[in-house]
Amino acid sequence: MAAKRKLAENPNSELIDFLHELADYEKNVSRMIHKYNAYRKAASSIAKIDHKIQSITDIKGLEGIGKKIAAKIEQYLSTGKIKKLETNRGDETGAAINQMTRVMGIGPAHANKLVHQEKIKSIDELRSHPKRDQLLNKTQLLGLNYLEEFEQKIPRDEIKQMEIILLREITAIDNQLRAEIVGSYRRGATASSDIDVLVTHPTVAKLPSLLHKIVETLTKQFHFITDTISVGDSKFMGVCQIDTSKLHRRIDIRVFPSEQYYCALLYFTGNDQLNRHMRIVAQEQGYKLNEYSIQKVGSTGTLSKPLPVTSERDIFDYLQMD
DNA sequence: CATTAGGT
DNA sequence: CCTAATG
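Within an unreviewed UniProt entry, the label attached to chain A reads DNA polymerase, and the organism entered is Rotaria magnacalcarata. One UniProt comment on chain A, placed under Sequence similarities (unreviewed entry), says "Belongs to the DNA polymerase type-X family." The UniProt entry for chain A carries the following text under Subcellular location (unreviewed entry): "Nucleus".

This is the structure in structure tokens:
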């Protein structure tokens, strides 16, 4: 009885994927955010159908399917193809734009600029471009520099080792500090794409300076943090490396006041499905749950003060889940 | 959906 | 201030 684990897939998933591909092209290459949205809503609307669409009449009048999208679906139904999609796929300018976009810090806007105004067609051209240092800002340069490393997953065992260092150094700064690595690692994943650390302190009000202190010591004394992408009052984003024989990894560190810590912990541990689920049960039980707090909802719609939470357990208790 | 950088 | 990019 251990045979069926893969979840039943959507009968129209191929069509849905095509629609998403069309959507992404509009958003990243053409900069047509409305077309993008149109494809998305169309896709989500067809995603609700639970049988294989055979004729266009199966979806006529469906929400979000206008004349033009309907026409594309029609051609998909007859031939297995969509002309527009094929031509998009063959567009090498589009391909170049998508390449640029692999670099952290380069989004659609910048990618378009690089390709259109600077005529850059590939990562290699970008790397060797004479004006590279002017064309890219600091984080984009980091992204370019670590491109291949960042595309590698981080094995759980490596994260385990980092966890040890992280926790010991953080608590060495102040033994009241409490920190954990969240995200897929905390869910038990065997590899993760980055490291997400949550930190809290029971008393100190000046969390920002704590964050700075942590970042500074991890940088200067241990050289665990090798680069800073951004640091603010509550969130650090950067690069770390457990030792020089290992790859550079993306790491985020965020600080929360202790009264919000567990809601944050729950939320950042995810996954998204669980989060949505929890939010809806909260709602059903007359609460409002988010990344910072859980509060009681009065029937008039008024929210109570954030309820006291001193563990993740407390949250489940409020929601009478387990 | 909120947080940061950075440009104007 | 806005706009871009990350998560």
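Next up on the list: the UniProt feature "domain: DNA-directed DNA polymerase X" (unreviewed entry) in chain A. Cross-referencing UniProt, the feature "domain: DNA-directed DNA polymerase X" (unreviewed entry) maps to residues 10–322 in the present numbering. Along residues 10–322, the helical share is 51% and the strand share 14%, with 30 Å between the first and last C-alpha atoms.

Let us now look at the pattern of salt bridges. Scanning the entire structure with this criterion turns up 17 salt bridges. Of the charged contacts, one joins E169 and R168 as a salt bridge, the two residues approaching to 3.2 Å between their closest N and O atoms. The class of E169 is buried, set by a relative accessible area of 9%. E180 is the partner of R178 in a salt bridge, and the nearest nitrogen-oxygen pair spans 2.9 Å.

Let us look at the domain arrangement of chain A. In terms of domains, chain A is made up of domain 1 (9–90), domain 2 (93–151), domain 3 (154–265) and domain 4 (271–319). Taken over C-alpha atoms, the centre of domain 2 sits 28 Å from the centre of domain 3. Taken together, the contact between domain 2 and domain 3 spans seven residues of the former and nine residues of the latter. Summing the contributions of domain 2 and of domain 3, the shared interface buries around 760 Å²; its carbon and sulfur component is 63%. Of all residues in domain 2, Y146, E149 and F150 give up the largest surface area on contact with domain 3, accounting jointly for 58% of the area buried on that side. Summed over the shared surface of domain 2 and domain 3, the result is zero salt bridges.

Before going further, it helps to spend a moment on the packing of aromatic side chains. Across all of its chains, the model carries six aromatic pairs by this definition. Pairing Y146 with F150 gives two aromatic rings, centres 5.3 Å apart and planes at 50°, and the pair type is tilted. Ring centres of Y267 and F268 lie 5.0 Å apart, and the angle between their planes is 85°; this geometry places the pair in the edge-to-face category. For Y267, a relative accessible area of 29% puts it in the partly exposed group. Within the aromatic cluster, the residues linked to one another by ring pairs are F256, Y267 and F268. In this arrangement the basic side chain of K296 is found over the ring face of Y287, its NZ or CZ atom lying 4.6 Å from the centre.

Cut-offs applied
- Residues numbered from 1 in each chain as written.
- Chains lettered and ligands numbered in written order.
- Predicted model: local features only at pLDDT ≥ 70, side-chain atom pairs only at ≥ 80, totals over all residues.
- Heavy atoms only, no water.
- UniProt positions renumbered as here; feature names shortened; annotations may be inferred.
- Helix = DSSP H or I, 4+ residues; strand = E, 2+ residues; numbered from the N terminus.
- Salt bridge = Lys/Arg side-chain N within 4 Å of Asp/Glu carboxyl O.
- Buried < 20%, exposed > 50% of the residue type's maximum accessible area, 1.4 Å probe, protein only.
- Domains from an automatic or database assignment.
- Contact = heavy atoms within 4.5 Å.
- Buried area = accessible area lost by both parts, 1.4 Å probe.
- Phe/Tyr/Trp six-rings, centres within 6.5 Å; stacked < 30°, edge-to-face > 60°.
- Lys NZ or Arg CZ within 6 Å of the ring centre and 35° of its normal.

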